[in-house]
Amino acid sequence: MSKEKTSPHKSFKNHIPEDARQHIKAARQEMRDGFEALVPPEFIAHRQAARREMLMAVRGLIDSALERTQ
């Protein structure tokens, strides 16, 4: 017997009305816009560059692990 795994996001669709989900999305976007208005654009650019570097570091770890398995 196998159990199907469901995404946590799909289970919310059954419990939270669509209009409430849309309000949550809009509030999240407004919060982001407000945050970006408070900090200088250089901070946003630096944060994006730092995130990219972290993702590249994780990719390097994965690539290294893949090479060792071959």
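Think of each chain on its own: its residues are numbered from 1, step by step along the sequence as written. A pLDDT threshold of at least 70 governs which residues receive local features in this predicted model, and a stricter bar of 80 or more applies before side-chain atom pairs are shown or counted, although totals over entire chains, interfaces and linings include all residues. As a convention, hydrogens and water are excluded, and side-chain values are obtained from all of the structure's heavy atoms.

Asker: Just give me the short version of the overall build of the protein, but keep the residues and values in it.
Answerer: Secondary structure summary: the protein contains three helices and zero strands in total. Each helix is a run of DSSP H or I of at least 4 residues and each strand a run of E of at least 2, with the numbering of both proceeding from the N terminus. Put simply, the protein runs from its N terminus to its C terminus through helices and strands in the order α-α-α. The cut-offs for exposure are 20% and 50% of the maximum accessible area for each residue type, with area from a 1.4 Å probe on protein chains only; residues under the lower value are buried, those over the upper are exposed, and the others partly exposed. Each of the 70 residues in the protein was classed as buried or not, and the buried ones make up 4%. A total of about 7100 Å² of accessible surface is found on the protein, and carbon and sulfur atoms cover 59% of it. Working definition of accessibility: Shrake-Rupley area with a 1.4 Å probe, residue cover restricted to the visible protein chains.

Asker: I'd love a proper account of the packing of aromatic side chains, names of residues and values included.
Answerer: Two rings from Phe, Tyr or Trp (for Trp, the six-membered ring) form a pair when their centres are within 6.5 Å of each other. A pair whose planes differ by under 30 degrees is stacked, one over 60 is edge-to-face, and the rest are tilted. Following the criterion strictly, the structure yields one aromatic pair and no others. On the basis of an interplanar angle of 70° and a centroid distance of 6.1 Å, the ring pair of F35 and F43 is categorised as edge-to-face.

Asker: Tell me about a nonpolar patch on the surface, and please be specific about residues and values.
Answerer: What makes a patch is a set of residues exposed beyond 30% relative accessible area and free of salt bridges, joined within 9 Å when like-charged and within 5 Å when nonpolar (Val, Leu, Ile, Met, Phe, Trp, Tyr). A carboxyl oxygen of Asp or Glu within 4 Å of a side-chain nitrogen of Lys or Arg is what we treat as a salt bridge. Taken together, V58, I62 and L66 make up a surface patch of nonpolar side chains, about 260 Å² in accessible area. Relative to the elements of secondary structure, I62 occurs in helix 3 (residues 41-69). Looking at I62, the relative accessible area reads 48%, which means it is partly exposed.

Asker: Which residues make up a positive patch on the surface, and what values go with them?
Answerer: The positive count covers Lys and Arg only, the negative count covers Asp and Glu only, and His and the chain ends enter neither. A charge is said to be at NZ when it belongs to Lys, at CZ for Arg, at CG for Asp and at CD for Glu. A cluster of basic residues, K25, R28, R32, R47 and R51, forms a positive patch at the surface. Among the elements of the structure, helix 2 (18-38) and helix 3 are those that each provide at least two residues to the positive patch. Looking at the positive patch, the element that brings in the most residues is helix 2, giving three residues. The residue R47 is located in helix 3 in this model. We classify R47 as partly exposed; its relative accessible area is 38%.

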